[in-house]
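Residue-level listing of the chains:
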Amino acid sequence: MQVYKIAKVWRIISYVLAPIAMIPFGVLLLIPIIPDVDINLEVYYWFLLPLSVTMLFVIIVAFVNTIIGKFVIDKNKIYTTGLFNNKQIYFNDIKGYRITEHFTFIESISYKTRIKLSNYYENRNEIQDWLIWNYKNLNELELIQEKQEILSKQDLGWTIEERESNFLKYKRLSKILNWSGSIIAIGTILLLKTSDYVILLCIFYPIFCLLAILFSKGLLTIDERKDAVYPSVFWAFFAPTSVVFLRALMYFKVYDYENIWLLTAVIAFSFFFILIINNRGFVFNKFEKPFTIIIFSIFIVFGYSFGTVINLNCTLDDSKPMKFKTIVLDKRITKGKSTNYYLKLEPWNNQKESKEENINETDYKLIKKGDTITINFYEGKLNIPWYEIKLK
């Protein structure tokens, strides 16, 4: 019997880093009861609370498994022990293995069990050598199968040469789409100060890429694997979506989030449904499927949908603003990884309590305690009210 544990140096590092990693999510969890912190409760309960609880759970489970987790090669089977990680596969049921940058996966012939080993195990080279000597590399087998599958697609051409030619065309197209998406994202960031409508490029570009997937005869995917045979347009989606989502969070001040969630859910469901139906790499990439699902469902799909709704609502809004006057009751600065500037404002538009507003450094320096400022209140193109803070 051979027993393997996480290497000692990584166990020591986990003792130090796990508590540190838990601090920001613990603070995030306690935001509603922290004094002088103003936050929209709908955003907290729908997004920040689930995020903090999920991340705390993941960190705690990972820490415990780092300390007590084991991988054992027994006489006739292999097995792991740990928190939520007790699995075993008999030698005659091992189908093969996959080695990625951070993990080694061992799969069973019956598909009922898959053992996932971190590459931070002590003597991991010994484990991998044992697998290489006794079992098949499933990554290499799948790459060969994918290449054969592509070259057997009759809708790509009548001959193998014609199919190879079409495959290379889509490979070039994926590179163009990925580079274009990154350039559009960077260009949008640089040009937003000149025109708010530039954000529409980042909103409509993922839709264009989605159409490219639909008409690619199954060749274009959104597969994050570096060694994927099928051409991937991952960055064509990821880069513009990041800009759309972050601008919605940081630039616009939404007064009431009630009308956001239904529109966000409709767009997210439509986007997600089309990806699942048409994206082979997204659906069938079994050994990294959890990572892909988390990334796309939480960030790309939700982030794109949420960001699109807010950006369209505010950017295309042509309503005449209602103007409210309010007084600056106090001001403060918080410093950490970034510096934030806050104004505490007297209640306006029938608000029951005074609230803090985050503003830029330039306006913060110009405004004094006791000054009167103007709030421009807009209806929103999608009936989602929002507002701007004006000095006069």
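Every chain begins its residue count from 1, and numbering advances along the sequence as written. Only residues with pLDDT of 70 or above have their local features reported here, since the model is predicted, and side-chain atom pairs are shown and tallied only from 80 upward, although totals for entire chains, interfaces and linings are computed over all residues. Only hydrogens and water are set aside; all other atoms, that is, all heavy atoms of the structure, feed into the side-chain values.

Visitor: How do you make sense of the sheet that holds strand S10 (residues 322-335) when you look at a structure like this?
Guide: The pairing of strands in a sheet comes from backbone hydrogen bonds and takes either a parallel or an antiparallel form. Taken in spatial order, the 6 strands make up an open sheet running S9-S14-S13-S10-S11-S12, and their pairing is antiparallel. Two strands bound the open sheet, and with one partner strand each, they are strand S9 (253-254) and strand S12 (355-359). Two strands qualify as a pair provided that DSSP identifies no fewer than 2 bridges between them. Each helix corresponds to a stretch of at least 4 residues labelled H or I by DSSP, and each strand to a stretch of at least 2 residues labelled E; elements are numbered beginning at the N terminus. As judged from the 5 bridges shared by strand S11 (residues 339-345) and S12, these two strands associate in the antiparallel manner. Bridge pairing in S12 links Tyr 341 to Ile 359.

Visitor: It is not clear to me how the pattern of salt bridges should be interpreted in this structure. Could you clarify?
Guide: Think of it this way: side chains of opposite charge can pair up when their charged atoms draw near. We count a salt bridge whenever a side-chain nitrogen from Lys or Arg sits within 4 Å of a carboxyl oxygen from Asp or Glu. Using the criterion set out here, one finds 7 salt bridges in the structure. With its nearest N and O atoms 3.1 Å apart, the salt bridge here joins Lys 365 to Glu 361. Here Glu 361 and Lys 365 lie together in helix H11 (residues 361-366), a separation of 4 residues that amounts to about one turn. Burial classes: relative accessible area under 20% of the type maximum marks a residue as buried, over 50% as exposed, and values in between as partly exposed (1.4 Å probe, protein chains only). Owing to a relative accessible area of 61%, Lys 365 belongs among the exposed residues under this scheme. In this structure, the salt-bridge partner of Glu 388 is Lys 390, at a minimum N-O distance of 3.9 Å. Of the residues examined, Lys 390 reaches a relative accessible area of 34% and is grouped as partly exposed.

Visitor: So what exactly am I meant to see when it comes to unusual backbone geometry here?
Guide: Trans peptide bonds make up the majority, and among non-glycine residues the majority have a negative phi. Phi is positive for Asn 349, which is not a glycine, with a value near 50°. Positioned with a positive phi, Asn 383 is a non-glycine residue whose angle comes to about 60°. Mapped onto the elements, Asn 383 comes out in the loop between strand S13 (372-378) and strand S14 (386-390). On the basis of relative accessible area, Asn 383 is assigned to the exposed category, the value being 54%.

Visitor: In this structure, what is going on with the side chain of Asn 178? I would like to understand it.
Guide: One can find Asn 178 in helix H5 (residues 160-191). Judged by its relative accessible area of 15%, Asn 178 is buried. Whenever a nitrogen or oxygen atom comes within 3.5 Å of another N or O atom, the pair is scored as a polar contact, on the condition that within protein one atom can donate a hydrogen and the other can accept it, and that pairs from neighbouring residues in sequence are kept only if both atoms are in side chains. A polar contact is formed between the side chain of Asn 178 and the backbone oxygen of Ser 232, at a distance of 2.9 Å. Throughout, a contact is declared for two residues whenever any of their heavy atoms are within 4.5 Å. If sequence neighbours within four positions are ignored, Asn 178 has contacts with Ser 232, Val 233, Phe 234, Trp 235 and Ala 236.

Visitor: Teacher, can you tell me more about the packing of helix H6 (residues 199-214) against helix H7 (residues 234-250) here?
Guide: How two helices pack is summed up by the angle between their axes together with the distance between the axes. Fitted lines through C-alpha atoms give the axes, limited to the stretch in contact for helices. The angle between two N-to-C directions lies from 0 to 180 degrees. Put simply, H6 and H7 touch, their axes get as near as 9 Å, and they point 150° apart. As H6 packs across H7, the resulting crossing turns out to be left-handed. Between H6 and H7, the contacting residues are Ile 199, Cys 202, Ile 203, Tyr 205, Pro 206, Cys 209, Leu 210 and Ile 213 on the first element and Ala 236, Phe 237, Pro 240, Thr 241, Val 243, Val 244 and Arg 247 on the second. Residue classes in the contact of H6 with H7 are distributed as 13 nonpolar, 1 polar and 1 charged. Here a crossing is taken to be left-handed if its near helix is turned anticlockwise relative to the far helix by less than a right angle, and right-handed if that turn runs clockwise. Residue type decides the class: Asp, Glu, Lys and Arg count as charged, Ala, Val, Leu, Ile, Met, Phe, Trp, Tyr, Cys and Pro as nonpolar, and the leftover types, Gly among them, as polar.

Visitor: Would you explain the nonpolar core in this entry?
Guide: For soluble globular proteins, nonpolar side chains are generally found buried alongside one another. In this structure, Leu 177, Leu 220, Ile 222, Val 233, Phe 237 and Phe 271 are the most contacted members of the largest nonpolar core, which totals 32 residues. Broken down by secondary-structure element, the contributors of at least two residues to this core are H5, H6, H7, helix H8 (260-278) and helix H10 (289-315). Ranked by the residues each element gives to this core, the list is headed by H6, at 9 residues. Those residues in contact with Val 233 that sit more than four places away from it in its chain are Ser 174, Leu 177, Asn 178, Ile 213, Leu 220, Thr 221 and Ile 222. The definition of a nonpolar core used throughout is a set of buried Ala, Val, Leu, Ile, Met, Phe, Trp, Tyr and Cys residues joined through side-chain atoms within 4.5 Å. Ile 73, Leu 117, Trp 130 and Tyr 135 belong to the second largest nonpolar core, which has 16 residues in total.

Visitor: Quick question: what am I supposed to make of a nonpolar patch on the surface here?
Guide: Each patch is built from residues that are more than 30% exposed by relative accessible area and take part in no salt bridge. Like charges join if they lie within 9 Å; nonpolar side chains (Val, Leu, Ile, Met, Phe, Trp, Tyr) join within 5 Å. Here the Shrake-Rupley method, with its probe set to 1.4 Å, supplies the accessible areas, and only the displayed protein chains count as covering residues. On the surface, Ile 12, Tyr 15, Val 16, Leu 17 and Ile 20 cluster together into a nonpolar patch covering about 500 Å² of accessible area. Among the secondary structure elements, Val 16 is positioned in helix H1 (residues 8-29).

Visitor: Can you help me understand the environment of Arg 247 in this one?
Guide: Assignment of secondary structure puts Arg 247 in helix H7. For Arg 247, a relative accessible area of 7% translates into the label buried. For the pair formed by Arg 247 and Thr 308, sequence separation is 61 residues and the distance between their alpha carbons is 9.8 Å. Dropping the residues within four chain positions of it, Arg 247 is found in contact with Leu 192, Asp 196, Ile 199, Phe 252, Asn 311 and Thr 315.

Visitor: Please explain the sheet that holds strand S6 (residues 103-108) as it appears in this structure.
Guide: Strand order in this open sheet of 4 strands is S7-S6-S5-S8, and the pairing throughout is mixed. Here the strands that pair on one side only, and so sit at the sheet edges, are strand S7 (114-118) and strand S8 (136-137). Across the sheet, helix H3 (residues 124-134) touches strand S5 (94-99), S6 and S7, and the angle it forms with S5 is around 130°.

Visitor: Got a minute to help me understand H7 in this structure?
Guide: An α-helix turns once every 3.6 residues. As a result, residues three or four positions apart point the same way. Taking 1.5 Å of rise per residue, 17 residues should cover 24 Å, and H7 covers 24 Å from first to last C-alpha, within 8% of that figure. What H7 keeps buried is the set Phe 234, Ala 236, Phe 237, Ala 239, Pro 240, Thr 241, Ser 242, Val 243, Val 244, Phe 245, Arg 247 and Ala 248. A helix is expected to reach a length of 1.5 Å times the quantity of its residues less one.

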